[in-house]
Amino acid sequence: MAVLNVSVVSADQELWSGEASQLIARTTEGEIGILPGHEPLLAILAQGEVRVTAADGSLITATADNGFLSVENNTVTVVASSAELI
């Protein structure tokens, strides 16, 4: 089964990285869900939650604002100027 390699980072630290089965984030165009095999994408983050379902089934939730989300080759990078795990 394919997985996503996810990194969630703020301006000063990496909040979480690892393998995941899905990611849901709020962008300026609305909420988006990313699954393995997603087409390449670059989106601007809106203030809101980033929810990652880790490969082991656990849920990681962070608040993020003022950044972007990048998807390419099952690698998802979320970069925000301010973000924290909740």
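Structure report, in brief. (Residues numbered from 1 in each chain as written. Predicted model: local features only at pLDDT ≥ 70, side-chain atom pairs only at ≥ 80, totals over all residues. Heavy atoms only, no water.)

### With respect to the side chain of Ser10
Here is step 1 of the chain: Mapping Ser10 onto the fold places it in the loop between strand 1 (4-9) and strand 2 (14-27).
Here is step 2 of the chain: Residue class for Ser10 comes out buried when judged on its relative accessible area of 8%.
Here is step 3 of the chain: A polar contact is formed between the side chain of Ser10 and the side chain of Asp12, at a distance of 2.8 Å.
Here is step 4 of the chain: The residues contacting Ser10, other than those within four sequence positions of it, are Ala80 and Ala83. (Helix = DSSP H or I, 4+ residues; strand = E, 2+ residues; numbered from the N terminus. Buried < 20%, exposed > 50% of the residue type's maximum accessible area, 1.4 Å probe, protein only. Polar contact = N/O pair within 3.5 Å; in protein donor to acceptor, adjacent residues only side chain to side chain. Contact = heavy atoms within 4.5 Å.)

### Here we look at the pattern of salt bridges
Here is step 1 of the chain: One pass over the structure, following the stated rule, counts 3 salt bridges.
Here is step 2 of the chain: The salt bridge partner of Arg26 is Glu31, with a shortest N-O separation of 3.8 Å.
Here is step 3 of the chain: Residue Arg26 is classed as partly exposed on the basis of its relative accessible area, which comes to 39%.
Here is step 4 of the chain: Overall, the relative accessible area of 48% leaves Glu31 in the partly exposed class.
Here is step 5 of the chain: Between Glu49 and Arg51 there is a salt bridge, with the nearest N and O atoms lying 3.6 Å from each other. (Salt bridge = Lys/Arg side-chain N within 4 Å of Asp/Glu carboxyl O.)

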